[in-house]
Amino acid sequence: MPEPTQVLPEVLSQIQKLPASSRPLIICDVDEVVLHLIAHLEDYLHARDLAFLKYEYRLTGNIGHQDNRQPLSSDEVRRLLLEFFDEVSHHQDMVPGAGDALNALAEDWDVILLTNLPGGHNKPVREKLLSGFDISFPLLTNSGPKGGAVAALSRGRPEPVVFIDDSPTNHASVHATLPSAVQIQFIADTRFLNATEMAGHIDLLSGDWQETAAFISAILQGSSRNQ
Ligand SMILES: [Mg+2]
């Protein structure tokens, strides 16, 4: 069971620049949720005679040589990912339906994008790519588990806050720090989605934006019926 996490000072300063609002809040990850990542990473690996060893949510120990399946060291994985993000951040594809779903939800909800972007210098590139897809919500960069950032973002907001992310680590961190959050584990890649077991704190496991948007819309309909 992970410990609750504190928000990092550099994330808190981004949060403090956001305009005050009392609307309900969706905090949405970017990679593998709004923009494809695994498909691009797999292409990048194959071009270097590397591959995922399993469709499993783990990068260190899970990227290896195609021929002998020897895993790369954690240093090699870290270096590879930094190079990969520098290269891919300019041209990631949008996950189908993400832009339409988020823009429709934004009529009733505030949407904030919370991304862990290795190589923080890629933030402007990412903002430009997203705005080209008509996705123009505030983009905050974090590093490490997201629980502290999500709790800080939710302060002063009505409950529940919706958190959308592919990573089981981030979901465990949010559950430990803000257990009232509605937690949607969204994984665009069907193979990784199918290999993922739904943890007890996950409210919806999905790889489909229509399903996800309908699930989120029903939250407000449910709470207005209860008033
Ligand atoms: Mg992600």
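Criteria and thresholds
- Residues numbered from 1 in each chain as written.
- Predicted model: local features only at pLDDT ≥ 70, side-chain atom pairs only at ≥ 80, totals over all residues.
- Heavy atoms only, no water.
- Donors = N, O, S within 2.8 Å, 3.2 Å for Na, K, Ca; no water.
- Helix = DSSP H or I, 4+ residues; strand = E, 2+ residues; numbered from the N terminus.
- Buried < 20%, exposed > 50% of the residue type's maximum accessible area, 1.4 Å probe, protein only.
- Contact = heavy atoms within 4.5 Å.
- Domains from an automatic or database assignment.
- Salt bridge = Lys/Arg side-chain N within 4 Å of Asp/Glu carboxyl O.
- 1 Å grid on protein atoms, 1.4 Å probe; cavity = no way out; pocket = protein on both sides within 12 Å on 5 of 7 lines; lining within 4 Å.
- Points joined across faces, edges and corners; volume = space filled by probe spheres on them.
- Nonpolar A, V, L, I, M, F, W, Y, C, P; charged D, E, K, R; others polar.
- Pairing = 2+ DSSP bridges.
- Axes fitted to C-alpha atoms, helices over the stretch in contact; angles between N-to-C directions.

### Structural notes on the coordination of the magnesium ion
- Coordination of the magnesium ion by the protein comes from D29 (OD), D31 (O) and D166 (OD), over a distance range of 2.0 to 2.3 Å.
- Mapped onto the sequence, the residues coordinating the magnesium ion show the spacing D-x1-D-x134-D. With D29 in the loop between β1 (25-28) and α2 (38-46) and D166 in the loop between β6 (162-165) and α7 (168-177), this pair connects stretches of sequence that are 137 residues apart.
- A relative accessible area of 5% means that D29 is categorised as buried.

### Section: α2
- Taken as a whole, α2 has its buried residues at I38, H40, L41, E42, Y44 and L45.
- Looking at the buried positions of α2, the neighbouring elements they touch are β2 (50-52), β3 (63-65), α3 (74-88) and α8 (190-194).

### Some thoughts on the domain arrangement of the protein chain
- Domain annotation of the protein chain identifies domain 1 (9-36 + 94-225) and domain 2 (38-88).
- In this structure, domain 1 and domain 2 have C-alpha centres spaced 25 Å apart.
- Contacts between the two partners involve 18 residues from domain 1 and, on the opposite side, eleven residues from domain 2.
- Put simply, domain 1 and domain 2 have one salt bridge between them.

### Thoughts on the pattern of salt bridges
- Taken as a whole and judged by the stated rule, the model has ten salt bridges.
- For D31, the salt bridge is made with R126, and the minimal N-O distance between the two is 2.7 Å. A residue pair is termed long-range when its members are at least 10 positions apart, and D31 in the loop between β1 and α2 and R126 in helix α5 (residues 123-132) qualify at 95 residues.
- With relative accessibility at 6%, the residue D31 sits in the buried group.
- R126 gets classed as buried once you look at its relative accessible area, which sits at 0%.
- Here R157 makes a salt bridge to D110, at a shortest N to O gap of 2.7 Å. You can see R157 sitting in the loop between α6 (147-154) and β6 and its partner D110 sitting in strand β4 (residues 110-116), a full 47 residues away along the chain.
- Residue R157 is classed as buried on the basis of its relative accessible area, which comes to 14%.
- Overlapping salt bridges, with partners in common, bring together R23, D110 and R157 in one network.

### Let's talk about the layout of surface pockets
- Taken as a whole, the largest pocket spans an internal volume of roughly 920 Å³.
- The wall of the largest pocket is formed by 33 residues, among which L59, L81, N116, S167 and N170 lie closest to the centre.
- A total of five residues in the lining of the largest pocket trace back to one element, the largest contributor, which is α3.
- For the lining of the largest pocket, the class distribution of residues is 14 nonpolar, ten polar and nine charged.
- Built from parts of two domains, the lining of the largest pocket gets at least three residues from each of domain 1 (9-36 + 94-225) and domain 2 (38-88).
- Approximately 150 Å³ is the volume found for the second largest pocket.

### Points about the side chain of S173
- Within the element layout of this structure, S173 appears in helix α7.
- For S173, a relative accessible area of 2% translates into the label buried.

### Points about the sheet that holds strand β5 (residues 139-142)
- Sheet architecture is open: six strands sit in the order β5-β4-β1-β6-β7-β8, paired in parallel fashion. Each having just a single partner strand, β5 and β8 (204-206) make up the two edges of the open sheet. For this sheet, the mean angle separating the axes of adjacent strands, direction not counted, is 20°.
- Sheet analysis places strand β7 (residues 182-186) next to β8, joined by three bridges and oriented parallel. The residue of β8 that forms the bridge with I184 is L204.
- Contacts between α5 and the sheet are confined to β4 and β5, with β5 contributing the most and set at about 145° to the helix.

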